[in-house]
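Chain by chain, the residues:
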Amino acid sequence: MTTSHDPGRGPVPDAAGHFGGYGGRYSPEALMAALDEVAAAYDKARADPAYQAELAALLADYAGRPSPLSEARKLSAHAGGARVLLKREDLNHTGSHKINNVLGQALLTKRMGKTRVIAETGAGQHGVATATACALLGLDCVIYMGEEDTRRQALNVARMRILGAEVVPVTLGSRTLKDAINEAFRDWVANVEHTHYLFGTAAGPHPFPFLVRDLHRVVGEEARRQVLERAGRLPDAVAACVGGGSNAIGLFHAFVEDPSVRLYGFEAGGDGVATGRHAAAITGGSPGVFHGARTYLLQDRYGQTLDSHSISAGLDYPAVGPEHAWLADTGRAVYRAVTDAEAMEGFRLLSREEGIIPAIESAHAVAGALTVGRELGPDAIVLVNISGRGDKDMETAADYFGLVDRT
Amino acid sequence: MTTLSDALGRARREGRAALVGYLPAGFPDLAGSIRVIEAMVEGGCDVIEVGWPYSDPTMDGPVIQRAADRALAAGTTPADVIEVVRATAATGAAALVMSYWNPIDRYGVDRFAADFAAAGGAGVITPDLIPEEAGDWLKASDAADLDRIFLVAPSSTDERIGITVRACRGFVYAASLMGVTGTRAEVGAAAAGLVARTRAATELPVCVGLGVSTGEQAAQVAGYADGVIVGSAFCARVLDAGGVDSALPRVRELAAELAAGVRAGA
């Protein structure tokens, strides 16, 4: 795959998918032909005005793009008076940024002549988005989901099923997102002839980190334009939550070459990084090889993957996309951990002050951005990606805050 | 120690394919895994792949996953893997390690190569490492004079087969089918064609793995390959037996059946 992309729009992986020393392809040889096929098909599609037009039409008329930029006036007081602008990916169809990637890859699946799509999901956001695109485009759809997550997110399982997807609970390993990905890779290698693995985050083997970033690039490009129009200048900081890191990389990409814009990724700190019960791969992990890429991950001293912990199922993943690993090492982006308690306070604040119930994933970004605002002061503009909405999280929130009367 | 070239050469001189058996180190526990491997060799395995148990074995089906989980639950460490290699080499079989890349990466590539060679290890199979990402490993395995085995698959293009065999030493591992490890009713029809394509690119021996569990299948694969690799069937014998003592005769019997197969097929 060539690495052509718009000039002046930030770093690109090399031809083999390396971001500095990270990324690449640590996958079985059996998948190399399929990975090459996806890379070549996307390279071709990317340069094809027909594909771009079809995708643009779906993003506008189906997903509802561009997503708005909201001024969070009351939240500003909690951010040291800094101006807080919210990129509203929660208002997209299916309720999160995930739809951007899914529509792009589902169109690609059809162009490759494949008829079946598999995907993994943790919180269910990517699974719901994938099931949605498959319903729209007439593709068979199988979603792998850790058994533990099917219980935590039962409503999303129902959503996927009504959309026509088969949901397969994964009972191996820790029964969460990482095990769902393992199982999806096993399915893919056996069915690769007619199946596309619609990977949900900017991680995994090349070309996925590049492909998923490219399909989410629209988030940052829109936001950059919207902030310039609204404020007349670039933001001082942009903030996003980071699990695998797809919403963050989509937002960051447009700002990487703007040296005045600080990039902040907020990882899931769980009970606190010091407790070991967290999902902060960069803040609390170390470099290694996982799910097809060299990147930061949570591992023990023997290289066995450690279980991750987060109140947010969507961030409950023991690794991170390789481009984030590279942005962290180069210092271009700063990664911090936000604990469950801090994230839930962000969740409460955004709901109460702005009337926006965010996904708990996105609440990590809100909590982190408030701190950044206080650090930068009242003249600063902080852009926060509200990557998803919180409907799916209301059971967790109701338990956490005691919102339901129990008799 | 027995090298791969010794083990595969002996089989070739006897006009047959070699029998390669797989078992995770530490499964069902450290001492048990050594006893099971000894039984595999007694039954007729020429080469043993010592599996390095890993938390996320994406190329393995449910049987080997369960075996690896048992080994990890038993507390198997990298030092245990090296210990099992040492015990395997002492049986007279060629001792290989089969490992996903992260445990070796974490151990330290150079340090692993040195420790593994010192324990009598002959070579290493790396199922999720392709030659293009293997720069450190190519150097370390050269320095420690270790064989290194990469995989080819039915989906591999001739170009990729060329890249892969040029990086291999000892033998080339041909995956018989598109899928994960596990016993199958039939060995993939794609296997013979893949072996032929691989032979066109290299003089190295070609061993076939994935799906073989019976003497009959071993004989069939031995008709076109230099070695027959069996893993899940051995693990299943141990899982089903309920204890090492009762597993040993079943393991010996399976190895003998497969050993007869590789002799019948040539």
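As the structure is a prediction and not an experimental result, all values here were calculated from the model.

Among the nonpolar cores identified, the biggest contains 168 residues, and A:Trp188, B:Phe112, B:Trp137 and B:Phe171 are the most heavily contacted of them. By residue number, the principal contributor to this core is helix H12 (residues 244-264) of chain B, which donates 9 residues. When residues of this core are assigned to domains, at least three fall in each of domain 1 (18-61 + 98-208) and domain 2 (69-95 + 217-401) of chain A. When near neighbours in sequence (up to four residues on either side) are disregarded, A:Trp188 contacts A:Leu31, A:Ala34, A:Leu35, A:Val38, A:Ile118, A:Thr195, A:His196, A:Tyr197 and A:Phe208. Residues A:Ala202, A:Val218, A:Leu234 and A:Val242 belong to the second largest nonpolar core, which totals 32 residues.

Residue and element names in this part refer to chain B. The 9 strands are arranged S5-S4-S3-S2-S1-S9-S8-S7-S6 in an open sheet whose pairing can be described as parallel. One side of each edge strand has no neighbouring strand; the edge strands of this open sheet are strand S5 (147-149) and strand S6 (151-152). Here strand S1 (residues 18-24) pairs with strand S9 (residues 227-230) via 4 bridges, running parallel. Looking at S9, one finds that Gly21 is bridged to Val230. Sheet strands touched by helix H9 (residues 190-199): S6, strand S7 (172-175) and strand S8 (206-209). Its angle to S8, the strand with the most contacts, is close to 155°.

Moving on to the sheet that holds strand S8 (residues 195-197) of chain A. Residue and element names in this part refer to chain A. Strands sit in the order S7-S6-S5-S8 across an open sheet of 4 strands; the sheet is parallel. The open sheet has two edge strands, strand S7 (166-170) and S8, and neither has a second partner. The average undirected angle you get between the axes of adjacent strands in this sheet is 25°. As paired strands, strand S6 (residues 140-146) and S7 are joined by 5 bridges and run parallel to one another. Looking across to S7, one finds that Ile143 is bridged to Val167.

Residue and element names in this part refer to chain A. Mapped onto the elements of the fold, Thr109 is located in helix H3 (residues 98-111). Residue classification places Thr109 among the buried residues on the basis of a relative accessible area of 0%. Residues within four places of Thr109 in sequence aside, it is in contact with Lys114, Arg116, Val117, Leu139 and His196.

Residues and elements named next belong to chain A. What the domain assignment reports for chain A is domain 1 (18-61 + 98-208) and domain 2 (69-95 + 217-401). Taking only C-alpha atoms into account, the centre of domain 1 sits 23 Å from that of domain 2. If you look at the interface, domain 1 gives 35 residues, while domain 2 gives 39 residues. When the two sides are added together, the surface that domain 1 and domain 2 hide from each other amounts to roughly 2900 Å², 58% of it contributed by carbon and sulfur.

Below, the discussion takes up helix H12 (residues 340-354) of chain A. Residues and elements named next belong to chain A. Taking 1.5 Å per residue as the helical rise, H12 with its 15 residues ought to reach 21 Å, and the 21 Å between its terminal C-alpha atoms agrees with that figure. Those residues of H12 lying buried are Asp340, Ala343, Met344, Gly346, Phe347, Leu349 and Leu350. For H12, the elements touching its buried residues are strand S4 (83-88), strand S10 (262-272), strand S14 (333-339), helix H13 (360-376), strand S15 (381-386) and helix H14 (394-401). Where H12 terminates, the next one or two residues include Gly355, which has phi positive at roughly 70°.

Here the focus is a nonpolar patch on the surface. Residue and element names in this part refer to chain A. Residues Ile357, Met394, Leu403 and Val404 make up a contiguous nonpolar surface patch of roughly 320 Å² in combined accessible area. Looking at the element boundaries, Ile357 is found in the loop between H12 and H13. Residue class for Ile357 comes out partly exposed when judged on its relative accessible area of 38%.

Moving on to helix H2 (residues 30-43) of chain B. All names here are of chain B. A rise of 1.5 Å per residue sets the reference length of H2, with its 14 residues, at 20 Å; its end C-alpha atoms lie 20 Å apart and thus fit the reference within 8%. For H2, every residue scored as buried is listed here: Gly32, Ser33, Ile34, Val36, Ile37, Ala39, Met40, Val41 and Gly43. Tucked into the core, H2 has its buried residues touching S1, strand S2 (47-51), helix H4 (78-90), helix H11 (232-241) and H12. Capping of H2 at its N-terminal end is provided by Asp29; its side-chain oxygen lies 3.4 Å from the backbone amide nitrogen of Ala31. Just past H2, the residue Gly44 takes up positive phi, approximately 130°.

Parameters and conventions
- Residues numbered from 1 in each chain as written.
- Chains lettered and ligands numbered in written order.
- Predicted model: local features only at pLDDT ≥ 70, side-chain atom pairs only at ≥ 80, totals over all residues.
- Heavy atoms only, no water.
- Core = buried A, V, L, I, M, F, W, Y, C linked by side-chain atoms within 4.5 Å.
- Buried < 20%, exposed > 50% of the residue type's maximum accessible area, 1.4 Å probe, protein only.
- Helix = DSSP H or I, 4+ residues; strand = E, 2+ residues; numbered from the N terminus.
- Domains from an automatic or database assignment.
- Contact = heavy atoms within 4.5 Å.
- Pairing = 2+ DSSP bridges.
- Axes fitted to C-alpha atoms, helices over the stretch in contact; angles between N-to-C directions.
- Buried area = accessible area lost by both parts, 1.4 Å probe.
- Expected span 1.5 Å × (residues − 1).
- Patch = residues over 30% accessible without salt bridge, like charges linked within 9 Å, V, L, I, M, F, W, Y side chains within 5 Å.
- Areas by Shrake-Rupley, 256 points an atom, 1.4 Å probe, with all protein chains shown as cover.
- Salt bridge = Lys/Arg side-chain N within 4 Å of Asp/Glu carboxyl O.
- Polar contact = N/O pair within 3.5 Å; in protein donor to acceptor, adjacent residues only side chain to side chain.

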